[in-house]
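# Descriptive structure summary
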Amino acid sequence: MGIFALCTLFLAPSLANAQSFEVNLNTAILGTSDEDFDILSDRTAMPSQGVDLGFAVAENLNVLIGFHTGTVGKVVYAQSTDGNDSATIAYEDSDGYYDYNFEDPSFHIASTVNQLKAGVRYRFDWTRRLKMTVTSQAIFAHANLRMDEDIEMEGSEVEVTYNAFAPGFTAAGGVEWAALIVGESAINLGVEAGYGHILGFNFKERDAAKDPISVGSLNLNGTFARMYIGTRF
Amino acid sequence: MNKQLFLPLFALMACNPWPDLRDEWIAPLWSTDIVTLDDGVYARLPNAGALVRIGTDQTWQLVDLDGATPLSMRADAGKGRLLVHAQWPVCEDNDPSIKRVEDCPSNALEFNHELAIVDNGKRKAVASIPAHMNAMTFTPDGETALVYMDSAAGDLSVSGPIIDLSEVILLDIESGDTTSVSVGFMPNNILFTNDGYRAVVMSRSKVVVLDLETQAITVEYPLTLDADIEIDPSAAVLTPDGRYVLISIEGTNDLYKLDLEVVSIDMEALDSSPSDMSADAEHGQTVLVYRDRAQVDLITEHDFIERTSLTLDDPATDIAMGSGTAVLYNSRNDGVRDIVLLDLSTHETTEYVASNPVDSLKMSPEGDYAVAVLKPTYEGGTSGLDSYQKSRWGLAVADLLSNDIVSLVLESEPVGLEMVQTEEGAFALLLLSDFDSLIQVDLSAPGNYSMIDLPSDPAGIDASPNGGFTIAHESGLGQVSFLDPTTGKIRTTGGFATAGWMDNDVLPRRDTE
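For clarity, every value in this text was computed on a predicted model and none was experimentally measured. (Residues numbered from 1 in each chain as written. Chains lettered and ligands numbered in written order. Predicted model: local features only at pLDDT ≥ 70, side-chain atom pairs only at ≥ 80, totals over all residues. Heavy atoms only, no water.)

### Some details on the packing of aromatic side chains
All names here are of chain A.
- Here the structure, examined in full by the defined rule, presents 7 aromatic pairs over all chains.
- Taking 5.8 Å as the distance between ring centres and 15° as the angle between the ring planes, the aromatic pair formed by phenylalanine 140 and phenylalanine 165 counts as stacked. Within this pair, whereas phenylalanine 140 is found in strand 7 (residues 130-148), its partner phenylalanine 165 is found in strand 8 (residues 159-182), the two being separated by 25 residues in sequence.
- Classification of phenylalanine 140 by relative accessible area gives partly exposed; the value is 47%.
- Taking relative accessible area as the criterion, phenylalanine 165 reaches 55% and is therefore assigned exposed.
- A cation over an aromatic ring shows up here: arginine 121 above the ring of tyrosine 228, its NZ or CZ 4.6 Å from the ring centre. (Phe/Tyr/Trp six-rings, centres within 6.5 Å; stacked < 30°, edge-to-face > 60°. Helix = DSSP H or I, 4+ residues; strand = E, 2+ residues; numbered from the N terminus. Buried < 20%, exposed > 50% of the residue type's maximum accessible area, 1.4 Å probe, protein only. Lys NZ or Arg CZ within 6 Å of the ring centre and 35° of its normal.)

The following block contains the structure:
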């Protein structure tokens with residue numbers, strides 16, 4: 001309902017003579033070549049969703065400020081009791097069928113990446129409804145890495161959380177289609193693709209010892225793509 | 001307004017932005033084969049290739065092994081230092097762009113091995129000992145370890161360009177200095193003389209005496225004069241006076257008696273091949289049991305072998321020595337349920353019959369009780385409670401003073417059993433698989449037990465040098481509990497197995513190679 005209300009509000013005629021502001025709802029992915037990301041997701045990309053707010057600072061040039069967040073995660077099975085250091089992924093049962101060893105100790109792992117973005121978007125007028133866009137944004141990102149052996153139980157099982165911050169940027173180009181134009185306002189659909197890079201998130205355990213203990217790092221850098229729906233008014 | 005304009009919004013919302021929560025299988029983050037020392041509990045992290053020292057109250061730290069991955073570890077004789085077999089990758093390709101293990105061409109990648117000596121969380125010394133030297137015995141003073149390859153220990157993957165299968169390595173635990181001695185093919189048992197200055201090393205068809213000060217072989221006993229005949233010792237014991245070594249031979253009834261003072265070998269024909277032998281220092285006797293004979297032998301005079309044979313109802317394969325007593329049991333034949341108390345001064349036997357066959361047996365600290373883990377059997381022809389008991393794991397408590405035995409039925413398979421003696425008496429601490437409580441059994445009244453809640457299912461228990469116990473849990477992220485048996489208080493540390501898990505496998509020691 002909130003989204004409907006927001007869209008209805010944005011469709012209201014603007015008092016401004018030009019489209020001075022924009023609000024976009026985004027969904028995006030940022031690729032990664034980090035092999036450790038396989039632990040978190042089978043996809044090689046970090047998804048995110050969020051909102052961008054913009055205002056015009058020059059003709060066709062808007063400043064954008066946004067907040068995006070995304071989460072990936074898996075259930076991880078790890079052997080720990082039979083003295084064998086290698087993982088038994090599947091075993092053959094008495095009927096000759098292979099089955100997975102769900103009796104192994106398991107835990108949930110998830111990472112949420114929150115991105116504060118600030119940058120600019122330039123629009124080239126192509127037709128009245130269709131525009132080409134170029135967007136560049138700096139990123140200040142926070143990531144947490146959470147592992148929990150029983151996400152439905154509070155306190156009695158092992159649960160750890162690590163946090164890290166890292167800067168980054170995205171640069172992308174795309175097209176934007178004004179699906180509905182009412183006076184000076186419009187509802188737009190946009191698609192952009194480009195490159196994104198966030199410096200590595202270095203997760204550390206800081207409470208167990210005097211010196212922080214490295215848990216590992218997560219690197220997000222690669223193809224960046226996003227879709228958005230929004231309004232300019 | 002045209003509602004179709006909202007369709008793209010719905011399509012956008014239909015994209016799945018949330019965790020896919022698929023399953024992933026990985027190598028274990030930690031090994032529950034923990035070692036408890038004075039300064040903390042040590043655990044291997046196979047996935048990260050690291051060693052962690054765990055303390056109470058959620059504290060832990062990584063032990064710097066200079067990039068090496070621990071493969072196995074054990075405590076020294078005094079439980080003060082940790083001996084860690086470790087390996088590290090070496091990339092023969094000197095391309096400076098190669099930083100990580102996976103960047104190194106497979107044909108240029110090899111692994112070197114060493115044994116690290118860890119003291120108080122620090123690597124104090126390193127010895128060049130390959131991982132296949134998997135067995136270790138400590139001299140009585142605890143300062144030297146005799147390291148050898150035990151062919152019965154499972155993994156026989158050897159490493160190195162030249163392998164000496166007849167080698168025993170003497171390792172100075174303080175300095176890491178090593179001396180290699182060739183003692184005979186496949187050394188498999190090492191005994192120390194009572195004065196602690198000599199080691200008797202058994203190998204195929206040969207026994208040697210090693211002077212631990214000069215680190216040289218002083219005497220060699222050939223077990224056969226025919227090189228075509230292979231003789232493998234199966235059990236050995238030093239007689240209580242320290243003069244003789246008695247050696248049984250696999251597949252024969254011969255008992256070899258090696259005289260360490262007047263170098264000579266005598267042979268005694270036994271009734272069968274002993275499965276276990278133990279020395280009784282209090283009465284100067286040696287106890288022998290046989291897998292295939294319902295008989296226990298006592299060698300009461302070793303100079304000329306005077307042997308007393310006692311008949312049992314069933315064969316016994318194992319001996320647990322108590323104070324002036326020996327407890328005999330059979331861990332290899334599921335048809336035998338007897339536990340026999342042998343009074344070594346009167347040579348009288350007392351038979352206890354457990355409900356199920358014995359899997360393992362431990363004596364209480366003061367020797368008043370024998371506690372046996374009983375294994376399930378699947379005999380036909382039984383029904384009701386009899387069948388219920390036989391088909392389940394059990395715990396038998398034999399009171400060696402009152403001749404009573406109690407067989408308890410357990411909910412699941414035991415994963416740990418330790419004995420503790422307090423001012424209130426003797427107790428068995430029992431851990432069961434898939435059961436998140438520690439069971440404390442009062443050995444004077446085995447039906448009376450108490451339970452201490454554990455944070456999760458246990459995987460094993462290890463005694464601490466300070467009298468406490470460490471419990472490893474079935475936990476993917478790593479969890480151990482510290483038990484004070486006098487108060488029953490438990491403190492738990494968890495999450496340590498995540499250390500270094502997601503770090504890149506950087507080639508260690510790259511600059512110094």
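### Quick notes on the confidence of the model for chain B
Residue and element names in this part refer to chain B.
- When pLDDT is averaged across chain B, the result is 89; 93% of the residues are at 70 or more.
- Every residue in residues 13-18 is under pLDDT 50, and counting partners more than four places away or in other chains gives 9 contacts.
- Confidence metrics for the complex model read pTM 0.86 and ipTM 0.79. (pLDDT = per-residue confidence, 0-100. Contact = heavy atoms within 4.5 Å.)

### Description of the state of the cysteines
Residues and elements named next belong to chain B.
- Evaluation of the coordinates by the stated rule reveals 1 disulfide over all chains.
- Here cysteine 91 engages in a disulfide with cysteine 104; their sulfurs sit 2.1 Å apart. Between cysteine 91 and cysteine 104, the S-S dihedral sits near 90°, and the bridge is therefore right-handed. Of this pair, cysteine 91 sits in strand 7 (residues 81-91) while cysteine 104 sits in the loop between strand 7 and strand 8 (109-119); the two residues are 13 residues apart in sequence, bridging distant segments of the chain. (Disulfide = S-S within 2.5 Å.)

### Topic: the layout of surface pockets
- Estimates place the volume of the largest pocket at around 1,200 Å³.
- Considering the residues around the largest pocket, the lining is formed by 39 residues, among which B:Asn47, B:Ala48, B:Asp503, B:Asn504 and B:Asp505 are closest to the centre.
- At the level of secondary structure, the elements contributing two or more residues to the lining of the largest pocket comprise strand 10 (213-232) of chain A together with strand 1 (22-26), strand 4 (50-54), strand 5 (60-63) and strand 7 of chain B.
- Of the residues in the lining of the largest pocket, the class split is 18 nonpolar, 10 polar and 11 charged. (1 Å grid on protein atoms, 1.4 Å probe; cavity = no way out; pocket = protein on both sides within 12 Å on 5 of 7 lines; lining within 4 Å. Points joined across faces, edges and corners; volume = space filled by probe spheres on them. Nonpolar A, V, L, I, M, F, W, Y, C, P; charged D, E, K, R; others polar.)

### Let's talk about the sheet that holds strand 11 (residues 144-148) of chain B
Residues and elements named next belong to chain B.
- Strands sit in the order 10-11-12-13 across an open sheet of 4 strands; the sheet is antiparallel. Edge strands, defined here as strands with exactly one partner in the open sheet, are strand 10 (135-138) and strand 13 (178-182). Averaged over all adjacent pairs, the angle separating strand axes in this sheet is 25°, with direction ignored.
- As judged from the 5 bridges shared by strand 12 (residues 167-172) and strand 13, these two strands associate in the antiparallel manner. For glutamate 167, the partnering residue across the bridge sits in strand 13 and is serine 182. (Pairing = 2+ DSSP bridges. Axes fitted to C-alpha atoms, helices over the stretch in contact; angles between N-to-C directions.)

### Structural notes on the pattern of salt bridges
- Applying the stated criterion across every chain yields a total of 31 salt bridges over all chains.
- A salt bridge links B:Arg53 to B:Asp39, with the shortest nitrogen-to-oxygen separation between them at 2.8 Å. Taken together, the residues span a long stretch of sequence, with B:Arg53 in strand 4 and B:Asp39 in the loop between strand 2 (35-37) and strand 3 (40-45) at a distance of 14 residues.
- B:Asp39 gets classed as partly exposed once you look at its relative accessible area, which sits at 23%.
- Two residues, B:Arg123 and B:Asp66, come together in a salt bridge whose shortest N-O distance is 4.0 Å. Residue B:Arg123 is located in strand 9 (residues 122-127), and its partner B:Asp66 is located in the loop between strand 5 and strand 6 (69-75); the two are separated by 57 residues in the primary sequence.
- Beyond isolated ion pairs, a larger network of salt bridges with shared partners links A:Glu22, A:Asp52, A:Arg121, A:Arg123, A:Glu176, A:Glu192, A:Arg226 and A:Arg232. (Salt bridge = Lys/Arg side-chain N within 4 Å of Asp/Glu carboxyl O.)

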